[in-house]
Protein chains: 2
Amino acid sequence: MFTALLDHIQKFITLDSEEIDILESGLTLSKVKKKEHLLKEGQICNTIYFVTKGCARQYIINPKGTEQTLQFAIENWWITDYLSYHNNTPSHFYIQTVENCEIIALEKKDLETLLIKIPKLEKYFRIVSQKSFGAAQMRIKFLFTMSAEERYNHFKKQQPDFVQRVPQYMLASYLDFSAEFMSKIRAGKV
Amino acid sequence: MFTALLDHIQKFITLDSEEIDILESGLTLSKVKKKEHLLKEGQICNTIYFVTKGCARQYIINPKGTEQTLQFAIENWWITDYLSYHNNTPSHFYIQTVENCEIIALEKKDLETLLIKIPKLEKYFRIVSQKSFGAAQMRIKFLFTMSAEERYNHFKKQQPDFVQRVPQYMLASYLDFSAEFMSKIRAGKV
DNA sequence: TGAATTTCTTGAAGCAGTTCAAGTTTTTTA
DNA sequence: TAAAAAACTTGAACTGCTTCAAGAAATTCA
């Protein structure tokens, strides 16, 4: 049931069977339909989400009223707003499913209990978040140094399957250009 | 000697005096002159740096040959390339001091030893990196939604002192616009 | 201090990508 | 399976910011 997450955790740390039991008893898997919100702007985020099936995204609504995706989370990715989570401040983001999903939602209180019972998990979350931070820095590098077309081609090369999986306008906003321009890039009219 | 770091750590966890001793014995503080490099592109990063005095930055050299700053680190900030650090891959970044600095350099091997001796530190680094990741997401939000002038004004409002502290062309590249445009923004010619 | 270096400024020309508006295609749902 | 909704396309007009070039000002260092 939780094998996806357990496998992911055990890439970084080793759990014995007792710890696995404790962990499993603290988790719940839920099905979430496409386009449902896990978090809305203004709410305080007190849950972290692990996607075991499907795809979710973090987005904002910009001053022009257009949605802009900041991050996608597919299978084996965590998604949350850590700033809201840690500072208990209203979130600047929406988190929403892009497909029908299976998601492990881990609430702050439960996570804190788990971290006390299984201190090793601290290491897991440390490494995962350090890597995520590293990935965010690379993302900023790409945004800074590549043209729109280069960003699209680079992304397509890195994640060829994923490109088919989400509406092109969402991917366009993730890569920081307009849906219309995406259309022109894909048609080779650039 | 290490009070800045100890204070920072104890914002998130509590250390007893024995743990403090262990920690201090594993640290070294070094003075680093302005413009020295802590990491260069292509090197594998196996050290994390904590700035206790001065200012460092992470930057890249873009295809046009211009430096672009991705991140600044002032007093009480960690700076490193976590992707290179964790994956043992060549770094995409330079890390360089912007002012004369005092820096605690913590090497991977030493840090791993410390994390075993003082498991609580895992929690400290987890929280710090989760917050950093949250901050990186906010940074992407600002880059996505604000005009160049708005980004400058917003940054100036958040960090009024810091704006004076670094060359304006570095700040311009951090905010993702040209040095010339920075000059025009500051002169009100926009 | 004076020379060298670094940083900042200014205006003109250019362009990568946006915006708008309208139509077409694809997907979803009742 | 028809109607509605969501997603994609196209071209024309526009614009926020870059690029270039050259000089001025500030800072560094011998």
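Here, every reference points to the structure presented above.
Residues numbered from 1 in each chain as written. Chains lettered and ligands numbered in written order. Predicted model: local features only at pLDDT ≥ 70, side-chain atom pairs only at ≥ 80, totals over all residues. Heavy atoms only, no water.

1. Here we look at the overall build of chain A
Helix and strand counts for chain A stand at nine helices and eight strands. Whereas a compact globule of 190 residues would reach a radius of gyration of roughly 16 Å, chain A reaches 18 Å, a difference of no more than 12%. Seen through its C-alpha atoms, chain A measures out along the principal axes to roughly 60 × 35 × 30 Å. Here the contacts in chain A between residues at least 6 apart in sequence split such that 70% fall between residues at least 24 apart. Split by element, the accessible area of chain A, about 9200 Å² in all, is 49% carbon and sulfur. (Helix = DSSP H or I, 4+ residues; strand = E, 2+ residues; numbered from the N terminus. Rg over C-alpha atoms; globule rule 2.2 N^0.38 Å. Contact = heavy atoms within 4.5 Å. Areas by Shrake-Rupley, 256 points an atom, 1.4 Å probe, with all protein chains shown as cover.)

2. Side note on the protein's contact with DNA strand C
Around DNA strand C, the structure places 19 residues, and the nearest of them are Lys 64 and Ala 148 of chain A together with Tyr 169, Ser 183 and Lys 189 of chain B. Restricting attention to atoms of DNA strand C within 4 Å of the protein, one finds that 67% of them are sugar or phosphate atoms. Contact distances for DNA strand C include 3.0 Å between a phosphate oxygen and a side-chain N or O atom of Ser 178 of chain A. Here a phosphate oxygen of DNA strand C sits 2.7 Å away from a polar atom, N or O, in the side chain of Tyr 169 of chain B. Breaking the surface near DNA strand C down by element, the ones donating at least two residues are α9 (179-186) of chain A together with α8 (168-174) and α9 (179-186) of chain B. Top contributing element to the surface near DNA strand C by residue count: α9 of chain B, with four residues. Of the residues belonging to the surface near DNA strand C, the class tally is six nonpolar, four polar and nine charged. (Near = heavy atom within 4 Å. Polar contact = N/O pair within 3.5 Å; in protein donor to acceptor, adjacent residues only side chain to side chain. Nonpolar A, V, L, I, M, F, W, Y, C, P; charged D, E, K, R; others polar.)

3. Here we look at the protein's contact with DNA strand D
Around DNA strand D, the surrounding shell holds 20 residues, and the nearest of these are Gln 168, Tyr 169 and Ser 183 of chain A together with Lys 64 and Ala 148 of chain B. Of all DNA strand D atoms lying within 4 Å of any protein atom, the proportion belonging to sugar or phosphate reaches 69%. In this structure, a sugar or linking oxygen belonging to DNA strand D sits 2.9 Å away from a side-chain N or O atom of Lys 189 of chain A. Going through the elements one at a time, α8 (168-174) and α9 of chain A together with α9 of chain B are the ones with two or more residues in the surface near DNA strand D. Considering each element in turn, the surface near DNA strand D owes the most residues, four residues, to α9 of chain A. For the surface near DNA strand D, a count of residues per class yields six nonpolar, four polar and 10 charged.

4. Some words on the sheet that holds strand β1 (residues 29-32) of chain B
Residues and elements named next belong to chain B. If you trace the four strands from one edge of the open sheet to the other, you get β1-β8-β3-β6, paired in antiparallel fashion. This sheet does not close on itself; its edge strands, each paired only once, are β1 and β6 (77-79). With direction set aside, neighbouring strand axes in the sheet form an average angle of 35°. Inspection of the sheet shows strand β3 (residues 47-53) paired to β6 by three bridges, in the antiparallel sense. Note on β6: the bridge partner recorded for Phe 50 is Trp 78. Packed onto the sheet, helix α4 (residues 108-117) meets β3 and β8 (101-107) and runs at close to 70° relative to β8. (Pairing = 2+ DSSP bridges. Axes fitted to C-alpha atoms, helices over the stretch in contact; angles between N-to-C directions.)

5. Re the relation of the copies chain B and chain A
The two copies are related by a screw motion: chain B maps onto chain A through a turn of 180° and a shift of 0.0 Å along the axis, at an RMSD of 0.0 Å. Taken together, the rotation angle and the small translation identify this as a two-fold axis. Judged by C-alpha distance, Arg 126 of chain B is the residue of chain B that lies nearest the rotation axis, at 2.0 Å. Looking at chain B, 100% of its interface residues are interface residues in chain A too, so the copies touch through the same face. (Least-squares fit on C-alpha atoms with pLDDT ≥ 70 in both.)

6. Quick look at the pairing of β8 of chain B
Residues and elements named next belong to chain B. Burial analysis of β8 places five of its seven residues in the buried class, which makes it a mostly covered element. Strand direction decides the pairing type here: β1 and β8, joined by four bridges, are antiparallel. Within β8, the residue paired with Val 32 across the bridge is Cys 101. Bridge analysis of β3 against β8 gives six bridges, and the strand direction is antiparallel. Bridge pairing in β8 places Val 51 opposite Ile 103. (Buried < 20%, exposed > 50% of the residue type's maximum accessible area, 1.4 Å probe, protein only.)

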